[in-house]
Amino acid sequence: MAGVEGRVVVVTGAGGGLGRQHALLFAERGARVVVNDLGGARDGTGGGSDMADAVVAEITAAGGEAVANYDSVATAEGGEAVVRGALDAFGAVDVVVNNAGILRDVTFAKMTDEQWDAVVKVHLYGTYHVTHAAWPHFREQGFGRVIVTTSTSGLYGNFGQANYGAAKLAVVGLINTLALEGRKYGITANAVAPIAATRMTSDVMPEDMLAQLDPAYVSPLVVHLASEECADTGEVVLAGGGHYARVHYMQAAGVRFDHVPGIDELAAKWTAVIDMADAELGRPLNG
Ligand code: NAI
């Protein structure tokens, strides 16, 4: 099997924006696609079947194979139902693309528990629920592809997005461990950090910048990571407007003491502790 041909791919939040582009490209490359979308507003309120149905109609009109699913990824039952949608329609699940997302932007000083929970539930719990439901199938068949969607807001921070940034970096923590646990089962787990003009970014970037950021640019990366040929795992790759680049933690050479240092002693070496001149790629403790 080459590329993603014949694979069963779940794309969450595929009723619009990036997810729609991913679903269209997977279908074009011969994958069978579950187009999941709650069909709500940008803040996650409301819902409906129109968004997912429209993308399924687009795929089938172009000769591809797809089914719609309207469950929310934010609950365990929803995550299971999304994966069941793949099993019921196509008898398997090979790839999960965790793309569904919402925003509740507000400064940390003004953030309510409701705004925190809503965002963490969709991005972090949603990724967990769908991936956890697919995982036993991946292990059993000796093949699986987990793709999560992170963000520069999580990797580097963004004003007014403490909830979103925390959830977006949490999914990188998730793939770091899934990469280790999945290795012997032929399962890879990677993250994409997109930058694209969608309804999510329509008011956060200037018009001329948005014009360069067609979400279609991100999908070839997602399909590549899902392919049979790509064995890379535990990677984070940024994609936007034709630019693709790996993101990785670097660890400074640092300073080693053979005793518990005094605070002043540590402070005296601070420049060397944070000096990145001889930094190397960070790696797991036992890796
Ligand atoms: P979007 O708002 O067009 O797409 C998100 C989709 O997820 C929507 O269609 C929405 O209905 C769906 N969704 C929301 N909650 C859901 C739930 N509980 N269950 C199922 N579906 C649900 O926005 P966009 O930009 O396409 O975002 C896709 C992903 O990319 C998100 O995870 C977002 O955080 C991420 N991202 C986007 C960036 C960008 O520049 N557009 C930057 C960094 C990350």
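Refer to the structure above for everything that follows.
Now for a quick tour of the structure. Since the structure is predicted, the reported quantities are computational estimates derived from the model, not experimental observations. (Residues numbered from 1 in each chain as written. Predicted model: local features only at pLDDT ≥ 70, side-chain atom pairs only at ≥ 80, totals over all residues. Heavy atoms only, no water.)

Attention shifts here to the pairing of strand β4 (residues 95–98). Neither face of β4 is open: one carries Val95 and Val97, the other Val96 and Asn98, and all of them are buried. For strand β1 (residues 8–11) and β4, the ladder comprises three bridges, and the chain directions are parallel. Its bridge partner being in β4, Val11 is matched across the sheet by Val97. Here β4 runs beside strand β5 (residues 144–149); their pairing, made up of four bridges, is parallel. Looking at the pairing, Val97 lines up with Ile147 of β5. (Buried < 20%, exposed > 50% of the residue type's maximum accessible area, 1.4 Å probe, protein only. Helix = DSSP H or I, 4+ residues; strand = E, 2+ residues; numbered from the N terminus. Pairing = 2+ DSSP bridges.)

Turning our eyes to something else, we now look at the sheet that holds strand β2 (residues 32–36). In spatial order, the strands read β3-β2-β1-β4-β5-β6-β7-β8; together these eight strands make up an open sheet with mixed pairing. With one partner strand each, in any of the chains shown, β3 (65–69) and β8 (243–247) form the two edges of the open sheet. Here the strands of the sheet are splayed against their neighbours by 20° on average, with no regard to which way each runs. Inspection of the sheet shows β2 paired to β3 by five bridges, in the parallel sense. Residue pairing for β3: Val35 is matched across the bridge by Ala68. Packing against the sheet, helix α6 (residues 162–182) makes contact with β5, β6 (187–194) and β7 (236–240), and its axis sits at approximately 160° to β6. (Axes fitted to C-alpha atoms, helices over the stretch in contact; angles between N-to-C directions. Contact = heavy atoms within 4.5 Å.)

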